[in-house]
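The chain contents come next:
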Amino acid sequence: MKKILFAASEAVPFIKTGGLADVVGSLPKYFDKEKYDVRVMLPKYMCMKEEWKEKLSYHTHFYMDLNWRKQYVGILELEYDGITFYFIDNEYYFNGFAPYGDMYADIEKFAFFSKAVLSALPVIGFRPDIIHCHDWQAGLIPVYLDNFRYGDEYYRGIKTIMTIHNLKFQGTWDTKRVRDITGLPQYYFAPDKLEAYKDANYLKGGIVYADRITTVSNSYAEEIKTPFYGEKLEGLMNARSNCLSGIVNGIDYEDYDPATDTHIEKNYTCDSFRREKIKNKIALQKELNLEQDHHIIMLGIVSRLTDQKGFDLIAYVMDELCQDAVQIVALGTGDEKYENMFRHFAWKYPGKVSANIYYSEALSHKIYASCDAFLMPSLFEPCGLSQLMSLRYGTVPIVRETGGLKDTVEPYNEYEKTGTGFSFMNYNAHEMLATIRYAERIYYDKKRDWNKIVERGMNQDFSWKNSAKQYEELYDGI
Ligand code: ADP
Ligand code: GLC
């Protein structure tokens, strides 16, 4: 039995700000239980919902040095859906209203978390063969492990995998402070180790010291070796390319299933979507005060509202797009400029544009189920889960050909009658608009072909089955 420990800063259903949580919360369930004992370690945030905090049971606690600081480390535990989740408790570090706050505090918070993960292992009696670290928040784990190994036999032989969900976020701060926080020897603060461009860089440390590096799609694994996508680490990504691979994300096919979803008005399947899916659209039009017209094409957006997701393109052509027979339903939070952009267009085009500037699991499911098409014109996209959810719900993705979007959405070919969505290549607003308009034409004038696109999308398999196998092979190979 191989023992694997996931270390990450978020996981559904406990705490979520983006796709990372979906991956960390669902992937562990899909490993072969006979061969792999996969457990998960997370911070115990004060901002977690009461319903979850209540369920955690106290396991143990100890005190840990973080350089000159002495910190309490509590370990709480919960078995959920057959998976053991451990929660690292420290009210000083994990007390904010959200998992992440300002970088100054987060840098210390996740140094604490990373060291606590390693320090907790002998105490909880779970010595993993592999620690699977996710994103910069867990980036110091391979570095600390390297450091621990010198003094403590217990840690020798534990391997690490670093999965990059988003290279944009690296966790950087000035070297002097990070030395003071971590207590790591000067040795690590060099340009071939933790340091990048004079700062300490947690993700870089993870990438340098991990035994294997993965990212969440094949295209992104290639892209990050180039300056445009490499976020200034393309040199390192090239240097480590022998150990770097892409494994595309899946989604939880039980949580996201139009046949059983309790959030939506009317359940449907691949056989019944032609009759039933439209009932969801009508219900959502009512709920959001949109014009009640089941013929009109409804475009959905569910997203963090950041530059990454291509909202500049949308802002640029929104007026033009709104001259068409379309409805646009957006759900998201993030940068104020984009929140206000959607609020503005909802005010300008009432009945046509609906701006929902908040976080809602329920509304997100309704949007995936109700819309005809889903818009995701990302500037870059390591994998993207929203387009997979859309495919699952028979909502046709319109995407830019980048990263995971390129790997998961096959562009419609009118002549060969293939494809599951629509896509465009350049980061250009009118190229996007032309693609949306092409989709509109197929939707309005060739409904049979449109429905075939929907059907092909619903028949795709983006469950975790295939990708979990690839992770298993990776675990077996190191
Ligand atoms: P990223 O991780 O870059 O944000 P993904 O497409 O991988 O992008 O994952 C986004 C996840 O977050 C999806 O599950 C999506 O449904 C969800 N999501 C984003 N914004 C919201 C919101 N405002 N309300 C509900 N769910 C949201
Ligand atoms: C990141 C990426 C997104 C990916 C998610 C889960 O948030 O932005 O593309 O799907 O991580 O891996």
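Residues numbered from 1 in each chain as written. Chains lettered and ligands numbered in written order. Predicted model: local features only at pLDDT ≥ 70, side-chain atom pairs only at ≥ 80, totals over all residues. Heavy atoms only, no water.

Per an unreviewed UniProt entry, the chain goes by the name Glycogen synthase and belongs to Clostridium scindens. UniProt, in the comment section headed Pathway (unreviewed entry), describes the chain in these words: "Glycan biosynthesis; glycogen biosynthesis." As recorded by UniProt, the Function (unreviewed entry) comment attached to the chain reads in full: "Synthesizes alpha-1,4-glucan chains using ADP-glucose." (UniProt positions renumbered as here; feature names shortened; annotations may be inferred.)

**Student:** Got a minute to help me understand the site of ligand 1 in this structure?
**Tutor:** Around ligand 1 sit 23 residues in total, of which Gly19, Arg304, Lys309, Tyr368 and Leu385 are the nearest. Within the side chain of Lys16, a nitrogen or oxygen atom sits 2.9 Å from an oxygen atom of ligand 1. Between a nitrogen atom of ligand 1 and a main-chain N or O atom of Ser360, the distance comes to 3.1 Å. Protein contact buries 93% of the 570 Å² of open area that ligand 1 shows by itself. Mapped by element, the contributors of at least two residues to the shell around ligand 1 are helix H1 (19-26), strand E13 (297-305), strand E14 (326-334), helix H12 (361-370) and helix H13 (386-392). Looking at the shell around ligand 1, the element that brings in the most residues is E13, giving 3 residues. Two domains each put at least three residues into the shell around ligand 1: domain 1 (2-250 + 465-477) and domain 2 (273-461). (Near = heavy atom within 4 Å. Polar contact = N/O pair within 3.5 Å; in protein donor to acceptor, adjacent residues only side chain to side chain. Areas by Shrake-Rupley, 256 points an atom, 1.4 Å probe, with all protein chains shown as cover. Helix = DSSP H or I, 4+ residues; strand = E, 2+ residues; numbered from the N terminus. Domains from an automatic or database assignment.)

**Student:** Even after reading the chapter, I still don't get the site of ligand 2, so can you show me in this structure?
**Tutor:** Around ligand 2, the surrounding shell holds 14 residues, and the nearest of these are His165, Asn249, Glu381, Cys383 and Gly384. Contact between ligand 2 and His165: an oxygen atom at 2.6 Å from a side-chain N or O atom of the residue. A distance of 2.8 Å separates an oxygen atom of ligand 2 from a polar backbone atom of Gly384.

**Student:** I tried to follow the sheet that holds strand E7 (residues 159-164) on my own but got confused; where do I start?
**Tutor:** Here 9 strands make up an open sheet; going across it, the order is E3-E4-E5-E2-E1-E6-E7-E11-E12 and the pairing mixed. This sheet does not close on itself; its edge strands, each paired only once, are strand E3 (57-66) and strand E12 (244-246). When strand polarity is set aside, the average angle formed by the axes of neighbouring strands in this sheet is 25 degrees. As paired elements, E3 and strand E4 (residues 69-80) share 9 bridges and run antiparallel to each other. Across the sheet, the residue bridging to Tyr58 is Leu76, located in E4. Against the sheet, helix H4 (residues 140-151) contacts strand E1 (2-7), E3, strand E6 (130-134) and E7, and its axis sits at roughly 145 degrees relative to E6. Lying over the sheet, helix H6 (residues 202-209) contacts E7 and strand E11 (212-215), oriented at roughly 130 degrees with respect to E7. (Pairing = 2+ DSSP bridges. Axes fitted to C-alpha atoms, helices over the stretch in contact; angles between N-to-C directions. Contact = heavy atoms within 4.5 Å.)

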